[in-house]
Amino acid sequence: MTARIIDGKAFAEQVREQVAAHVARLKADHGITPGLAVVLVGEDPASQVYVRNKGRQTLEAGMQSFEHKLPAETSEADLLALVEQLNADPAVHGILVQLPLPDHMNADAVISAISPAKDVDGFHISNVGLLGTGQKSMVPCTPLGCLMMLRDQLGSLSGLDAVVIGRSNIVGKPMAQLLLGESCTVTIAHSRTKNLAEVVRRADIVVAAVGRPQMVPGDWIKPGATVIDVGINRIDAPEKGAGKTRLVGDCDYDSCAEVAGAITPVPGGVGPMTIACLLANTVTACCRANGLAEPEGLTA
């Protein structure tokens, strides 16, 4: 068996096209333009690239992009004041404060200051609680992207056995809640799970989000299972030359692809979906703020 490759880059492009179409309808029918505000504190190179890509894709989708770049020495009080300003701005429907923040800032306090209705990252404790109790919430972007790809591959997920490897607040826990909402039987596995290979081997769906390079080998995978690899790990690649590296997931791609029914590659799998789902969440937040129907296919 050779697994179907789940092309996250192509799927993300479809999602962005859906977002752009919905934005065009909001403008034409209601005179409303969704707006996303992104706040970057400091000059972390990876964060700068990420924020730049977010801004570009926001504009390409026809939305308003509000970028706030603050020096690393900005006080927490000043950042919180900016968040309050954005909370009160009716042109801003989504707020994202790029993490990590400088060491002198409390990320939890900053996230808690964002209005839950504008928390397009889905990290606010109110959204975490709403998701956990099966109510309407803003959903973290990476798990939402994984869910979209699973639905596209499998249709109904009801009754399937799903194993999520990893228990982070950003991916593992919300992913498990989303799968429960789809009526899957869900196990959250982690570094202390006994007989981990046996636990994973029974799953129809495997979501690997543990942050350990190539941890899941092919012989852990049930034949025909769908594998979503969230991991992005950089490892040495001496075959490319001295000091060179390459990106790999939490699964050993080659051996897993021989057994699985479908699998996401790394790179090019889950990664591109994160910004696409950020845009989708912004449109969803805009629709909710204006009492309009949510965009079909872009929410959990």
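As the structure is a prediction and not an experimental result, all values here were calculated from the model.

Asker: What's the story with the sheet that holds strand 4 (residues 94–97) in this structure? I'm lost.
Answerer: In a beta sheet, neighbouring strands are held together by backbone hydrogen bonds and run either parallel or antiparallel to one another. Strand order in the open sheet formed by three strands is 3-2-4, with parallel pairing between adjacent strands. This sheet does not close on itself; its edge strands, each paired only once, are strand 3 (64–70) and strand 4. Ignoring which end each strand starts from, the neighbouring axes of this sheet average 15 degrees apart. The strands touched by helix 3 (residues 76–88) within the sheet are strand 2 (35–41), strand 3 and strand 4, with strand 2 carrying the most contacts at an inclination of about 175 degrees.

Asker: How should the pattern of salt bridges be read in this particular structure?
Answerer: Close approach of charged atoms allows side chains with opposite charge to pair. This model, assessed by the stated rule, comprises eight salt bridges. Linking Asp-161 and Arg-202 is a salt bridge whose minimum nitrogen-to-oxygen distance equals 3.6 Å. Separated by 41 residues along the polypeptide, Asp-161 in strand 5 (residues 161–165) and Arg-202 in the loop between helix 8 (196–201) and strand 7 (205–208) bring together distant segments of the chain. Relative accessible area serves as the criterion here: at 40%, Arg-202 is assigned to the partly exposed category. Its salt-bridge partner being Lys-222, residue Asp-204 comes within 2.7 Å of it at the nearest N-O pair. Residue Asp-204 is located in the loop between helix 8 and strand 7, and its partner Lys-222 is located in the loop between strand 7 and strand 8 (226–229); the two are separated by 18 residues in the primary sequence.

Asker: Can you help me understand the environment of Leu-178 in this one?
Answerer: If you trace the backbone, Leu-178 turns up in helix 7 (residues 172–181). Leu-178 sits in the buried class, given a relative accessible area of 5%. Linking Leu-178 and Ser-126, residues 52 residues apart in sequence, is a C-alpha distance of 16 Å. Apart from the residues lying within four places of it in its own chain, the contact partners of Leu-178 are Leu-131, Val-139, Pro-143, Leu-144, Leu-147 and Ala-300.

Asker: Got a minute to help me understand the nonpolar core in this structure?
Answerer: Here is a general trend for soluble globular proteins: nonpolar side chains tend to be buried in one another's company. Membership of the largest hydrophobic core comes to 53 residues, with the highest contact counts inside it found for Val-19 and Met-175. Elements supplying a minimum of two residues to this core: helix 1 (8–30), strand 2, helix 6 (141–154), strand 5, helix 7, strand 7 and helix 10 (271–289). A per-element tally of this core places helix 10 first, with 10 residues. The contacts of Val-19, once residues within four sequence positions are left out, are Ala-61, Met-63, Ala-276, Leu-279, Ala-280, Val-283 and Leu-298. Membership of the second largest hydrophobic core comes to 22 residues, among which are Val-163, Val-206, Ala-208 and Val-227.

Asker: How should helix 6 be read in this particular structure?
Answerer: Residues spaced three or four apart along an α-helix point in a common direction, a consequence of the helix completing one turn every 3.6 residues. Over its 14 residues, helix 6 extends 20 Å from the first C-alpha to the last, a length consistent with the 20 Å expected when each residue adds 1.5 Å. Counting buried positions along helix 6 yields 10 of 14 residues, so the element is predominantly enclosed. For helix 6, every residue scored as buried is listed here: Cys-141, Thr-142, Pro-143, Leu-144, Gly-145, Cys-146, Leu-147, Met-148, Met-149 and Leu-150. Buried residues in helix 6 make contact with helix 1, helix 7, strand 7, strand 8 and helix 10.

Asker: How do you make sense of helix 3 when you look at a structure like this?
Answerer: In a regular helix each residue adds 1.5 Å, so 13 residues correspond to 18 Å; helix 3 covers 19 Å between its end C-alpha atoms and thus fits that length. Here helix 3 has its buried residues at Leu-79, Leu-82, Val-83, Leu-86 and Asn-87. The buried side chains of helix 3 occupy one side of the element, clustering within an arc of 145 degrees when seen end-on. Turned more than 90 degrees away from the buried face of helix 3, the exposed residues are Ala-77, Asp-78, Gln-85 and Ala-88.

Asker: Would you mind showing me how to read the side chain of Thr-226 here?
Answerer: Looking at the element boundaries, Thr-226 is found in strand 8. Thr-226 sits in the buried class, given a relative accessible area of 2%. Excluding residues within four positions of it along the chain, Thr-226 makes contact with Ile-6, Leu-150, Leu-154, Asp-204, Ile-205, Val-206 and Ala-262.

Asker: Honestly, the environment of Ile-170 in this entry has me stumped. Any pointers?
Answerer: In this fold, Ile-170 is placed in the loop between strand 5 and helix 7. Residue classification places Ile-170 among the partly exposed residues on the basis of a relative accessible area of 43%. As for Ile-170 and Val-51, which are separated by 119 residues in sequence, their C-alpha atoms are 18 Å apart. In contact with Ile-170, not counting residues within four places along its chain, are Phe-123, Pro-140 and Pro-143.

Cut-offs and rules
Residues numbered from 1 in each chain as written. Predicted model: local features only at pLDDT ≥ 70, side-chain atom pairs only at ≥ 80, totals over all residues. Heavy atoms only, no water. Pairing = 2+ DSSP bridges. Helix = DSSP H or I, 4+ residues; strand = E, 2+ residues; numbered from the N terminus. Axes fitted to C-alpha atoms, helices over the stretch in contact; angles between N-to-C directions. Contact = heavy atoms within 4.5 Å. Salt bridge = Lys/Arg side-chain N within 4 Å of Asp/Glu carboxyl O. Buried < 20%, exposed > 50% of the residue type's maximum accessible area, 1.4 Å probe, protein only. Core = buried A, V, L, I, M, F, W, Y, C linked by side-chain atoms within 4.5 Å. Expected span 1.5 Å × (residues − 1). Arc of directions from axis to C-beta.

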